[in-house]
Amino acid sequence: MSTQNFNLPDVGEGLTEAEIVTWKVAPGDTVAINDVICEIETAKSLVELPSPHAGIVGELLVGEGTTVEVGSPIITFLTDAVDAAPAAPAPAVEEAGGSVLVGYGTGGGATSRRRKPPERSVLSSVGVIAKPPIRKLARDLGVDLTAVTATGGDGEVTRDDVVNHASQASVFRNIQTPEWGDVREETVPAPHAAPGGIARGIAASAASEDRTESIPVKGVRKATSSAMVQSAYSAPHVTVWKEIDASRTMELVKRLKASPDYAEIRVSPLLIMARAVIWAARRTPMVNAAWVDKDGGAEIAVRHYVNLGIAAATPRGLLVPNIKDAQDLGMKDLARALNRLTLTAREGKTTPADQQGGTITITNIGVFGMDAGTPIINPGEAGIVALGTISQKPWVVDGEVRPRWVTTVAGSFDHRVVDGDGMSRFIADVASILEEPALLVD
């Protein structure tokens, strides 16, 4: 047996460090090549790290919660001699369980990989057939497997079955306000008095310990804070907004939900908003551009494609994954792409590649009950659009006051790139689509 050190690999995207979130192995465990040994968090994603060796875990060199630089040793393995010279890393691939880097040195070279044997389906006591990863996904999403319609062979519940059954993911759904419990009148006996300042001293000491909590700034939070400061203090932000009657958008969403063609697709006003932004960006290309500083002088890069970013509040912090070439997608495909993006963000499996190359962003602050806001532009872009909450309000229609579904569309823009008339026309175009979605048929 020989001892092999495994150094933290370069997971790509120019990142130089990562945090060890959770160890999946312990000293003395036997592992095979590509078995997951730990979960690491970079500034952009949560990644499962596979073993590059087959053998026995020797020592965990880094504790959980520790941030280490790429190339630093993190674990040792006791291996046979045949495994002493691992091959060059193979490209990262994504498996069903999330973002996993595989192929860090199989004995047969960079292109050989061990395939994980198919997992056996498990039949529960209530007769539901589903593999363990699907059961975990269902638990994470709060889905009752007994209520899911199975489409797999032999009545097996698949990943798509669970996703389609799940309610709209938490990163985009309304926050439910908990109900207050019944108000009761209760008599509480007074505590026995303690001598002089002793009671006050004990109370003050206990209170001071709970008054302040220190949270280290790292991972996604560190990257987000840096990006927001960079954007806020380099791009002169201008925000414009418009209040609109979105009743016809709500009617369209209702019809799409009832349509058999969208039976397995989650539909929300965000879908219509996304189509509106893509349509309006085509009419005002500068909102989809970017300011680029170069040695020879600044340039404005106008992108003739739309990588549509969706700001997502996840347990790991703010992420902005984007839908690549969204301008090429029809309504149904765009809805599917939003569903995938939502689920991936909720599972914490958004990859660095998902967050690269965005051209314009939507932030759906309406799900938090906000009417409007002044969002900060995502670095590398020139505009971000905020969709406010959609609620019934009195609205004048044909000279009469009627209840209508009303919302506010706001947008922040880099004034170096987008002039006042451009940003105003863009927001007006987005608003016109939400007021009359039929304009999309052109």
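Residues numbered from 1 in each chain as written. Predicted model: local features only at pLDDT ≥ 70, side-chain atom pairs only at ≥ 80, totals over all residues. Heavy atoms only, no water.

Student: Tell me about the overall build of the chain, residues and numbers included.
Tutor: Tallying secondary structure elements over the chain gives 9 helices and 23 strands in all. Scored against the burial criterion, the 442 residues of the chain give a buried share of 42%. The long-range fraction of contacts in the chain, counting pairs at least 24 apart against all pairs at least 6 apart in sequence, stands at 62%. Carbon and sulfur atoms form 52% of the exposed surface of the chain, whose accessible area is close to 24000 Å². (Helix = DSSP H or I, 4+ residues; strand = E, 2+ residues; numbered from the N terminus. Buried < 20%, exposed > 50% of the residue type's maximum accessible area, 1.4 Å probe, protein only. Contact = heavy atoms within 4.5 Å. Areas by Shrake-Rupley, 256 points an atom, 1.4 Å probe, with all protein chains shown as cover.)

Student: With reference to specific residues and values, describe helix α7 (residues 331-347).
Tutor: Compared with the 24 Å implied by 1.5 Å per residue over 17 residues, the 24 Å span of α7 between its first and last C-alpha is a close match. Listed in full, the buried residues belonging to α7 are Met331, Leu334, Ala335, Ala337, Leu338, Asn339, Leu341, Thr342, Leu343, Ala345 and Arg346. (Expected span 1.5 Å × (residues − 1).)

Student: A description of the pairing of strand β14 (residues 289-292) should follow, citing residues and the corresponding values.
Tutor: It is a general feature of regular strands that their side chains alternate between the two faces of the sheet. When β14 meets strand β15 (residues 299-302), the two strands line up antiparallel, connected through 4 bridges. When the bridges of β15 are listed, Val292 appears paired with Glu299. Linking two consecutive strands that pair antiparallel, namely β14 and β15, is a turn of 6 residues; a positive phi of about 130° is found at Gly297 within it. (Pairing = 2+ DSSP bridges.)

Student: Residue-level account of the sheet that holds strand β6 (residues 55-60), with values.
Tutor: Pairing is antiparallel across the open sheet formed by 4 strands, whose spatial order is β1-β8-β6-β3. At either margin of the open sheet sits one strand with a lone partner, and together these are β1 (2-7) and β3 (30-31). Sheet topology places β6 next to strand β8 (residues 73-79); 4 bridges connect them, and they run antiparallel. The partner of Val57 across the bridge, within β8, is Phe77.

Student: Now, about the packing of helix α6 (residues 269-283) against helix α9 (residues 420-435): what can you tell me, with residues and values included?
Tutor: Look at α6 against α9: their axes get within 8 Å of each other, and the N-to-C directions meet at 140°. Looking at the two axes, α6 sits oblique to α9. Here α6 runs over α9; the crossing is right-handed. Contact residues: Ile272, Met273, Ala276, Val277, Trp279, Ala280, Ala281 and Arg283 in α6; Arg425, Phe426, Asp429, Val430, Ser432, Ile433 and Leu434 in α9. Residue composition of the contact of α6 with α9, by class: 11 nonpolar, 1 polar and 3 charged. (Axes fitted to C-alpha atoms, helices over the stretch in contact; angles between N-to-C directions. Parallel < 35°, antiparallel > 145°, perpendicular 65-115°, else oblique. Left-handed = near helix turned anticlockwise from the far one by under 90°. Nonpolar A, V, L, I, M, F, W, Y, C, P; charged D, E, K, R; others polar.)

Student: Give me the packing of aromatic side chains: which residues, what numbers.
Tutor: Inspection of the entire model under this criterion finds 1 aromatic pair. Between the NZ or CZ atom of Lys332 and the centre of the ring of Tyr262, over which it lies, the distance is 5.8 Å. (Phe/Tyr/Trp six-rings, centres within 6.5 Å; stacked < 30°, edge-to-face > 60°. Lys NZ or Arg CZ within 6 Å of the ring centre and 35° of its normal.)

Student: Go over the packing of α6 against α7, please, and point to the residues and values.
Tutor: Packing of α6 against α7 leaves a shortest axis separation of 10 Å and a crossing angle of 115°. For α6 against α7, the interelement crossing comes out right-handed. Each of Leu270, Leu271, Ile272, Ala274, Arg275 and Ile278 in α6 lies in contact with α7, whose residues at this interface are Met331, Leu334, Ala335 and Leu338. Looking at the contact of α6 with α7, its residues break down into 9 nonpolar, no polar and 1 charged.

Student: Give a detailed account of the side chain of Asp429, specifying residues and quantitative values.
Tutor: Tracing the sequence through the fold places Asp429 in helix α9. Residues in contact with Asp429, not counting those within four places in the same chain, are Trp279, Ala280, Arg283 and Thr284.

Student: Go over the side chain of Arg303, please, and point to the residues and values.
Tutor: Locating Arg303 in the fold gives a position in the loop between β15 and β16 (308-310). Of the side chains with opposite charge, Glu381 comes closest to the buried, unpaired Arg303, at an N-O distance of 6.2 Å. Looking at Arg303, its side chain comes within polar contact range of the main-chain oxygen of Asn288, at 2.9 Å. A distance of 3.5 Å separates the side chain of Arg303 from the backbone oxygen of Thr359, its partner in a polar contact. Here Arg303 is in contact with Asn288, Ala289, Ala290, Gly358, Thr359, Gly380 and Glu381, once residues within four sequence places are set aside. (Lys, Arg positive; Asp, Glu negative; His and termini not counted. Salt bridge = Lys/Arg side-chain N within 4 Å of Asp/Glu carboxyl O. Polar contact = N/O pair within 3.5 Å; in protein donor to acceptor, adjacent residues only side chain to side chain.)

Student: Quick rundown of the nonpolar core? Include the residues and the values.
Tutor: Counting residues in each nonpolar core, the largest one holds 48 residues, and the members touching the most others are Leu271, Met273, Val277, Leu308, Val409 and Phe426. Only α5 (247-258), α6, β16, α7, β20 (360-363), β21 (383-387), β23 (400-414) and α9 provide two or more residues apiece to this core. Residue contributions to this core peak at 11 residues, all from α6. Val277 has contacts with Leu308, Ile360, Ile362, Val385, Phe426 and Val430, leaving out every residue within four places of it along the chain. By size, the runner-up hydrophobic cluster in this structure holds 18 residues, among which are Ile20, Val31, Leu49 and Val62. (Core = buried A, V, L, I, M, F, W, Y, C linked by side-chain atoms within 4.5 Å.)

Student: Quick rundown of the confidence of the model for the chain? Include the residues and the values.
Tutor: Here the chain averages 79 in pLDDT, and 75% of its residues register 70 or above. Note that residues 81-126 has pLDDT below 50 and, in this model, 84 contacts with residues that lie over four places away or in other chains. Low pLDDT, under 50, characterises residues 167-188; the predicted model gives this stretch 27 contacts beyond four residues in sequence or across chains. (pLDDT = per-residue confidence, 0-100.)

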